[in-house]
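Chains, contacts and geometry: an overview
Residues per chain, in single letters:
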Amino acid sequence: MLHVSDVPVPSACAILVCLFMLQHYGTHNIAFMFAPIISIWLLFISAVGIYNIFYWNKKIILAISPVYMYRFVQNIGVKSWRSLGSIILCLAGLEAMFADLGHFSKKSIKIAFVCLIYPVLIACYAGQASYMSKNLHVINFNHLSESVPAGAIRHSFVALSLLASVVGSQATITASFSVINQCLSLNCFPRVKVIHTSDKIRGQVYIPDINWLLMILSLTVTIVFRNIVKIGNATGLAVVSGMLVTTCLMSLVIALYWEKSLLLSACFFICFGFIEITYLSACMLNFHRGAWYLVFLLALSLTVMLAWHYGTKKKYEFDLENKVTTEWLTELSLGLGVCRVPGIGFIYTDISLPVPYVPPSRRYLIGRVGPKDYKIYRCIVRHGYRDHIKDTDDFEEEIIRSIGEFIAIEDNDLESLNSQEGRMIVIGKPLSDGNALVPLNDTNSYKGSANFENNNSQTSTSGSSLESSCAPLNRKKVRFMLPPNSPKMQVSVRKELQELIDARESGTAYVLGQSHLALRQGSNFLKRFLIKTYIFCDKNCREPPVALNIPHAALVEVGMVYTI
């Protein structure tokens with residue numbers, strides 16, 4: 001452990017800022033840069049540890065025996081009990097290895113821990129204990145730097161320890177991205193932008209919002225505490241709390257998922273939970289010495305996660321209760337006197353695909369909603385988490401071209417219509433007799449189309465139902481016409497394609513569904529607090545990815561307010 005004076009606060013802040021600014025390069029690139037550093041560090045501390053064992057006290061290796069732990073507990077006092085909170089720091093960083101499962105395989109983590117990390121830690125701490133046993137009179141005898149031989153070796157230790165601490169921080173940052181990404185999948189965290197940084201490993205993600213939030217919190221701790229002891233107390237409580245939560249969840253996995261006996265689950269919890277609760281109680285004795293900061297962050301994050309999950313669950317339940325079938329809606333519209341207006345309307349829903357890229361030949365699935373006369377289409381546009389859509393104009397052009405191809409081949413592709421996709425045709429392969437629609441560049445179009453990028457990479461597709469309920473907009477860049485061989489087409493096909501072209505000329509509107517929560521009068525305090533917290537997070541977090549860059553003049557939001 002370094003003295004706090006070894007790294008001045010401004011220098012520590014500068015190092016932290018540089019570290020967080022590197023995160024957007026992705027786990028693979030950062031690991032490639034940091035791997036040599038941590039390898040040299042592990043070899044260095046293991047060599048120093050082995051040297052200290054043979055130089056100071058060879059018998060120290062016997063201290064691994066549990067007998068000494070029993071003697072320590074037998075003669076324990078308040079001061080020695082509090083020291084357990086510092087002992088847990090020996091394991092700080094190991095828990096981050098297992099939280100990085102989304103970035104690395106289970107096999108690689110197991111091999112690294114069993115064959116390298118664990119033996120190195122045993123050698124390092126045994127060597128430090130060997131030095132301490134013979135040098136209790138030395139000031140700061142319990143600092144690892146004091147056990148390193150003086151001279152060039154100690155200077156090298158200081159430089160390597162600084163770099164190794166940066167690498168250790170990197171593991172925690174990477175683990176935070178993985179945990180937040182899993183929370184998003186469980187609807188336990190507000191919407192944030194997730195960027196996939198690898199084409200091969202889906203779990204390697206970068207979350208800009210969380211990255212900058214962690215940077216602010218880290219700088220706050222460094223500037224406010226300015227004391228390694230207080231930071232160590234908070235770290236110790238974080239480590240042992242994570243272990244205890246893992247033990248509780250693992251005991252549930254044993255009983256519920258593995259379907260083992262409750263006795264085995266209880267034995268597992270008692271065996272590991274007793275040890276962790278012991279260390280937790282020791283860490284809580286340092287609550288007023290810095291550990292309070294962690295408890296505050298824990299309460300804040302749990303409140304946000306609980307409120308978001310509660311609000312999302314309520315909205316989902318209300319959506320299910322108020323959901324109507326497509327058949328009911330199409331039948332009802334005939335009796336309501338609904339009047340069609342010229343144009344095209346896109347109604348969006350979200351679909352995710354766990355693949356990096358989707359080939360163009362498998363990207364579009366087109367089908368009909370209701371009878372053929374309704375001219376309503378269901379269009380599923382599939383994109384992987386690494387695919388990007390350039391802008392709204394390209395998106396509209398590809399959709400309309402795909403619908404045109406669907407109309408042209410619909411009657412002749414009975415096999416696709418009866419496929420497992422559910423009466424939908426995969427569009428993407430070129431037609432044998434040419435395109436159903438021929439694009440013409442519109443030189444009179446003006447600039448003004450907003451970009452339609454896939455800003456949330458892990459949810460990059462959007463299914464769209466095509467309806468004619470829109471207002472005319474002059475934002476198109478590409479016009480279409482029937483191909484020269486259109487007289488050979490069936491009359492009904494040529495007529496429907498011409499209607500599609502005319503609708504494109506009239507303009508395009510984007511219809512998004514929104515639902516909001518409101519409090520009912522007389523709600524209890526807990527419900528009011530959770531719903532208000534959810535509403536605050538919902539208004540201040542990112543919009544759904546499909547709504548980010550649609551032109552406001554072309555956007556129609558249809559909302560519903562649920563009172564709970």
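Residues numbered from 1 in each chain as written. Predicted model: local features only at pLDDT ≥ 70, side-chain atom pairs only at ≥ 80, totals over all residues. Heavy atoms only, no water.

1. As for the overall build of the protein chain
Scanning the protein chain from N- to C-terminus turns up 16 helices and 11 strands. Counting across all 564 residues of the protein chain, residues that qualify as buried make up 40%. Surface accessibility of the protein chain: about 31800 Å² in total, with carbon and sulfur atoms responsible for 65%. (Helix = DSSP H or I, 4+ residues; strand = E, 2+ residues; numbered from the N terminus. Buried < 20%, exposed > 50% of the residue type's maximum accessible area, 1.4 Å probe, protein only. Areas by Shrake-Rupley, 256 points an atom, 1.4 Å probe, with all protein chains shown as cover.)

2. Observations concerning the pairing of strand 4 (residues 364–368)
Extensive coverage of strand 4 is indicated by the burial of 5 of its 5 residues. Side-chain alternation along strand 4 places Tyr 364, Ile 366 and Arg 368 on one buried face and Leu 365 and Gly 367 on a second face that is also buried. Looking at chain direction, strand 4 and strand 5 (residues 377–381) are connected through 5 bridges and run antiparallel. If you follow Tyr 364 over to strand 5, its bridge partner there is Val 381. By the bridge criterion, 3 bridges tie strand 4 to strand 6 (residues 425–427) in an arrangement that is antiparallel. Its bridge partner lying in strand 6, Ile 366 is registered against Ile 425. (Pairing = 2+ DSSP bridges.)

3. Examining unusual backbone geometry
Backbone geometry at Asn 140 places phi at a positive 55°, although glycine is not the residue there. Structurally, the position occupied by Asn 140 is in the loop between helix 6 (106–134) and helix 7 (152–185). Taking relative accessible area as the criterion, Asn 140 reaches 33% and is therefore assigned partly exposed. Positioned with a positive phi, Asn 187 is a non-glycine residue whose angle comes to about 60°.

4. A closer look at the UniProt feature "transmembrane region" (unreviewed entry) in the protein chain
The UniProt feature table records "transmembrane region" (unreviewed entry) at residues 7–25, 31–53, 84–104, 111–131, 210–229, 236–257, 263–285 and 292–311. Along residues 292–311 one finds 100% helix and 0% strand; the C-alpha atoms at either end are 29 Å apart. (UniProt positions renumbered as here; feature names shortened; annotations may be inferred.)

5. Overview of the pattern of salt bridges
One side chain can pair with another of opposite charge once the charged atoms of both are near each other. Tallying each qualifying case throughout the model produces 5 salt bridges. The residue Arg 368 makes a salt bridge to Glu 496 at a minimum N-O spacing of 2.9 Å. Placement of Arg 368 in strand 4 and of Glu 496 in helix 15 (residues 491–506) is noted, with a sequence separation of 128 residues between them. We note that Arg 368, like Glu 496, is buried. The residue Arg 401 makes a salt bridge to Glu 397 at a minimum N-O spacing of 2.7 Å. Of this pair, Arg 401 and Glu 397 both sit in helix 13 (residues 392–409), 4 residues apart, which is roughly one turn of the helix. (Salt bridge = Lys/Arg side-chain N within 4 Å of Asp/Glu carboxyl O.)

6. Remarks on the packing of aromatic side chains
Any pair of aromatic rings gets described here by the distance separating the centres and the angle formed by the planes. Per the stated rule, a full pass over the model turns up 16 aromatic pairs. With a centroid separation of 4.9 Å and 85° between ring planes, the pair formed by Tyr 55 and Trp 56 is classed as edge-to-face. Exposure remark for Trp 56: the relative accessible area of 29% places this residue in the partly exposed category. Judged by centre distance (5.5 Å) and plane angle (20°), the rings of Phe 346 and Tyr 510 are stacked. (Phe/Tyr/Trp six-rings, centres within 6.5 Å; stacked < 30°, edge-to-face > 60°.)

7. Points about a nonpolar patch on the surface
There is a patch of nonpolar side chains on the surface, built from Met 284, Phe 287, Trp 292, Val 295, Phe 296 and Leu 300 and spanning about 540 Å² of accessible area. Take the nonpolar patch: its biggest share by element is 4 residues, from helix 11 (residues 291–321). Tracing the chain through its elements places Leu 300 in helix 11. Judged by relative accessible area, Leu 300 falls into the partly exposed class, the value being 46%. (Patch = residues over 30% accessible without salt bridge, like charges linked within 9 Å, V, L, I, M, F, W, Y side chains within 5 Å.)

8. As for the nonpolar core
Grouped together as the largest cluster of nonpolar side chains are 32 residues, with contacts concentrated most on Ile 399, Ile 403, Ile 407, Leu 437 and Leu 497. Taken together, the elements giving at least two residues each to this core come down to strand 3 (344–351), strand 4, strand 5, helix 13, strand 6, strand 9 (478–481), helix 15 and strand 10 (508–518). Those residues within four positions of Ile 407 in sequence are excluded, and the remaining contacts are Arg 368, Tyr 377, Val 493, Glu 496, Leu 497 and Leu 500. Judged by nonpolar contacts, the second largest core, of 25 residues, contains Ile 37, Phe 189, Val 192 and Met 215. (Core = buried A, V, L, I, M, F, W, Y, C linked by side-chain atoms within 4.5 Å. Contact = heavy atoms within 4.5 Å.)

9. Concerning helix 10 (residues 262–284)
Of all the bends in helix 10, the greatest, near 30°, is centred on Gly 273. Turning to helix 10, its buried residues are Ser 265, Gly 273, Glu 276, Thr 278, Ala 282 and Cys 283. Contacts from the buried residues of helix 10 go to helix 4 (78–87), helix 9 (228–257) and helix 11. (Bend = angle between axes of the 7 residues up to and from the residue.)

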